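Examination of the molecular architecture
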Amino acid sequence: MKTSAIALALATATALTTPAFADKLDDIISSGTLRCAVVLDFPPMGSRDENNEPIGFDVDYCNDLAAALGVEAEIIETPFPERIPALMSGRVDVGVASTSDTLERAKTVGMSIPYFAFEMAVTANDKAGIGSFDDLKGKTVGATAGTFEAIALEEQVKAWGEGSFRPYQTQADVFLALSQGQIDATVSTSTVAQANVKTGNFPGITVVGKAPFDTDYVALFTNREEYGMLNYLNLFVNQQVRTGRYAELYEKWVGGELPDLTVSGVYR
Amino acid sequence: MFNYTFHWNQALRALPQMLEGALVTLQIAVLSMAIGLAIAIALTLFRLSGNRALGGFARAWVEVARNTPALFQIYMAHFGLGGIGIHLSPYTALLAGIAFNNAGYLAENFRGALKAIPDTQTRAGRSLGMSALQSFRLIVLPQMLRVAFLPMTNQMVWAILMTSLGVTVGMNTDLAGITQDLNARSFRTFEFFALAAVIYYVIAKLVTLAARLIAWRMFRY
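Conventions we followed
Residues numbered from 1 in each chain as written. Chains lettered and ligands numbered in written order. Predicted model: local features only at pLDDT ≥ 70, side-chain atom pairs only at ≥ 80, totals over all residues. Heavy atoms only, no water. Core = buried A, V, L, I, M, F, W, Y, C linked by side-chain atoms within 4.5 Å. Buried < 20%, exposed > 50% of the residue type's maximum accessible area, 1.4 Å probe, protein only. Helix = DSSP H or I, 4+ residues; strand = E, 2+ residues; numbered from the N terminus. Domains from an automatic or database assignment. Contact = heavy atoms within 4.5 Å. Disulfide = S-S within 2.5 Å. UniProt positions renumbered as here; feature names shortened; annotations may be inferred. Buried area = accessible area lost by both parts, 1.4 Å probe. Salt bridge = Lys/Arg side-chain N within 4 Å of Asp/Glu carboxyl O. Polar contact = N/O pair within 3.5 Å; in protein donor to acceptor, adjacent residues only side chain to side chain. Nonpolar A, V, L, I, M, F, W, Y, C, P; charged D, E, K, R; others polar. Phe/Tyr/Trp six-rings, centres within 6.5 Å; stacked < 30°, edge-to-face > 60°. Pairing = 2+ DSSP bridges. Axes fitted to C-alpha atoms, helices over the stretch in contact; angles between N-to-C directions. Patch = residues over 30% accessible without salt bridge, like charges linked within 9 Å, V, L, I, M, F, W, Y side chains within 5 Å. Areas by Shrake-Rupley, 256 points an atom, 1.4 Å probe, with all protein chains shown as cover. pLDDT = per-residue confidence, 0-100.

This paragraph deals with the nonpolar core. Grouped together as the largest cluster of nonpolar side chains are 79 residues, with contacts concentrated most on L34 and L136 of chain A. If one sorts the elements of this core by residue count, helix α3 (residues 57-69) of chain A sits on top with seven residues. For this core, the two domains that each supply at least three residues are domain 1 (23-118 + 218-253) and domain 2 (120-210) of chain A. Apart from the residues within four sequence positions on either side, L136 of chain A is in contact with V122, I130, V141, L153, W160, A185 and V187 of chain A. One finds A58, W61, A103 and L182 of chain B within the second-largest nonpolar core, a separate group that totals 52 residues.

Here it is as structure tokens:
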């Protein structure tokens, strides 16, 4: 009788002290650190300043998210192809990495509502004689492997049936190849195109116009089954717009007309 | 911590596409071996020639090829030469980079193999009335290739694995390029990479087996 009472008391105590169900949101709050995957080869969204410190829209966005959670932000530099392995292996908690919200990818990771939207621009080598997107037909073009614009551009080249497409590993390689004349033109987000032309690191290239691709909406991502976290991310994106912080960051890093994050006629 | 459900079906559906890429991989490896072999023989002759300029050139080639990363060699073939206005396509740059690397290692293999062939072989040839070149071509070279044959298969396997570095110069038709592309579209990294690894393994294994078979046929006596 006595022993079973003790056993019961012990069992109750154990049940009370061990959390019944800690999800990622709890883990982040209790660890005190939010680890964000950020691409630092993608100005103005992510890059490094003269002191090698991470800067950019995505960096600030991660810092805001950490502040909202009441934890420290840790920026983990992640090249485009390594975003998902970084998440799956538990090296990062959330991706603030300009990730296009394609349905194919949503089978693997959980996407928030869009937090940024890109227009696509054509940047050409001055010697290639390209004045608009249609002039790309038959030319050698390139883009950063696996990005929204790379996938769309490769499909366009296939549809044209002439010319060729080259995927490079980093945005810097694309613009280096473009500047050297290895490729005639690239399609990239207009923000990246302007930032790269402006640096003067890549002589002999000009932004020649818009590419007729859909607007590229990008989302924050985390593990697919982390509903608590995803719910928090959605509300956070909403609050960033509501409080004017989104407009503030946009003005700071990009400037110009603020893109609309909603698609008219649907809820999400 | 590893939180992932595998979708093998999705990866297997892409298998035909990946096997097509494997053919391109094999093609580059074979071509780079053929080119590398021809250059390596030339480098070996340069070293033997006694001409200081040619010997120096051969030594420099071997030094750079063996002591710098293959990734760097391929990158330089594309972006390095591109900087001075010589444009190699990703395919050519990859082929050139691997052939450069192969030539350096094979030349070093040949040097070792030559050391294993006693001088008396050349002298015997000369005493039969052969010229220096004849005795090298007909007596020393065949024996050298025989000694160097198994190390050469190592280099062949290495050439196959080096093709995967082509992704850094925009190569998208070989196995690594296709795998990377499939991965970027779907984010199913682990399935596609695992499948690609299996294909690389099988190709490398088949090449080793084929080389053993050839060696057994050629060097039985």
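Moving on from the model shown.
What follows covers the state of the cysteines. Residues and elements named next belong to chain A. According to the stated counting rule, one finds one disulfide over all chains in the structure shown. A sulfur-sulfur distance of 2.1 Å marks the disulfide that ties C36 to C62. Taking the torsion about the sulfur-sulfur bond, which here is approximately 85°, the covalent link between C36 and C62 counts as right-handed. Here the residue C36 occupies a position in strand β1 (residues 33-38), and C62 occupies one in helix α3, the gap between them amounting to 26 residues.

This part takes up the UniProt feature "transmembrane region" (unreviewed entry) in chain B. Residues and elements named next belong to chain B. Mapped onto this numbering, the UniProt entry gives "transmembrane region" (unreviewed entry) at residues 22-46, 147-172 and 192-215. Taken end to end, residues 22-46 comprises 100% helix and 0% strand; its first and last C-alpha atoms sit 35 Å apart. When the span residues 192-215 is considered, its composition is 100% helix and 0% strand, and the gap between its end C-alpha atoms is 35 Å.

To continue, consider the interface of chain A and chain B. How big an interface is tends to be stated in terms of the accessible area lost upon association of its parts. Across the contact, 32 residues belong to chain A and 31 residues belong to chain B. Between chain A and chain B lies a buried interface of about 2,600 Å² when both sides are counted; carbon and sulfur atoms form 51% of it. In terms of surface lost to chain B, no three residues of chain A exceed M88, Q180 and Q182 of chain A, which account for 20% of the buried area on that side. Seen at the junction of chain A and chain B, the total is two salt bridges. In this structure, R185 of chain B and E155 of chain A form a salt bridge, with 3.3 Å as the shortest nitrogen-oxygen distance. If you look at where chain A meets chain B, you find 15 residue pairs in polar contact (both at pLDDT 80 or more). Residue classes in the side of chain A that touches chain B are distributed as 11 nonpolar, 11 polar and 10 charged.

Within the fold, Q169 of chain A resides in the loop between β9 (164-168) and α7 (171-180). A polar contact is formed between the side chain of Q169 of chain A and the backbone oxygen of V167 of chain B, at a distance of 3.5 Å.

Let us now look at the UniProt feature "domain: ABC transmembrane type-1" (unreviewed entry) in chain B. According to UniProt, the positions carrying the feature "domain: ABC transmembrane type-1" (unreviewed entry) are residues 22-211 of chain B. Within residues 22-211 of chain B, the helical portion is 84% and the strand portion 0%, while the C-alpha atoms at the span's ends are 19 Å from each other.

Residue and element names in this part refer to chain A. Scanning the model with the defined rule gives 21 aromatic pairs over all chains in all. When the centroid spacing of 5.4 Å and the interplanar angle of 80° are considered together, the rings of Y61 and F236 count as edge-to-face. Of this pair, Y61 sits in helix α3 while F236 is found in helix α9 (residues 227-242), placing the two residues 175 residues apart along the sequence. Accessibility classification places Y61 together with F236 in one group, the buried group. Grouping aromatic residues by their ring pairs yields a cluster made of F42, F57, Y61, F80, Y115, F116, F118, F236, Y246 and Y250.

Let's shift gears to the sheet that holds strand β11 (residues 205-210) of chain A. All names here are of chain A. Spatially, β9-β8-β10-β7-β11 is the arrangement adopted by the five strands of the open sheet, whose pairing is mixed. Strands at the two margins of the open sheet, each flanked by one partner only, are β9 and β11. Taken pair by pair, the neighbouring strands of this sheet meet at an average axis angle of 30°, ignoring direction. In this structure, strand β7 (residues 120-125) lies alongside β11, joined through five bridges in antiparallel fashion. If you follow V122 over to β11, its bridge partner there is G209.

Below, the discussion takes up a nonpolar patch on the surface. A cluster of nonpolar side chains, contributed by V198, Y201, V202, L206 and L209 of chain B, occupies part of the molecular surface with about 510 Å² of accessible area. With respect to the helices, strands and loops of the structure, V202 of chain B is situated in helix α9 (residues 189-218).

Turning to the UniProt feature "domain: Solute-binding protein family 3/N-terminal" (unreviewed entry) in chain A, a few remarks are in order. In the numbering used here, UniProt assigns the "domain: Solute-binding protein family 3/N-terminal" (unreviewed entry) feature to residues 33-257 of chain A. Here residues 33-257 of chain A runs as 36% helix and 30% strand, with 34 Å between its end C-alpha atoms.

The subject of this paragraph is the environment of F57 of chain B. Structurally, F57 of chain B can be placed in helix α3 (residues 52-67). Setting aside anything within four residues of it in sequence, one finds F57 of chain B in contact with L43 and F46 of chain B.

Turning our attention to the environment of T68 of chain B. Residues and elements named next belong to chain B. Relative to the helices and strands, T68 is located in the loop between α3 and α4 (70-83). Of the residues examined, T68 reaches a relative accessible area of 26% and is grouped as partly exposed. For the pair T68 and N101, spaced 33 residues apart in the sequence, the C-alpha separation amounts to 9.2 Å. Polar contacts involving the side chain of T68 include one to the main-chain carbonyl oxygen of V64, which spans 2.7 Å. Only 2.9 Å separates the side chain of T68 from the side chain of Q73, close enough to count as a polar contact.

All names here are of chain A. As summarised here, the arrangement of the five strands in space is β4-β1-β5-β12-β6, forming an open sheet in which the pairing is mixed. Since the sheet does not close on itself, it has two edges, and those belong to β4 (72-77) and β6 (109-118), each with one partner. Within this sheet the neighbouring strands show an average axis-to-axis angle of 25°, counted without direction. Of the strand pairs in this sheet, β1 and strand β5 (residues 94-100) are connected by two bridges, and their pairing is parallel. Bridging across to β5, A37 finds its partner in G95.

Let's shift gears to the confidence of the model for chain B. Residue-level pLDDT values for chain B average 92, and 98% of them are 70 or greater. Taken over the whole predicted complex, pTM reads 0.82, whereas the ipTM for its chain interfaces reads 0.81.

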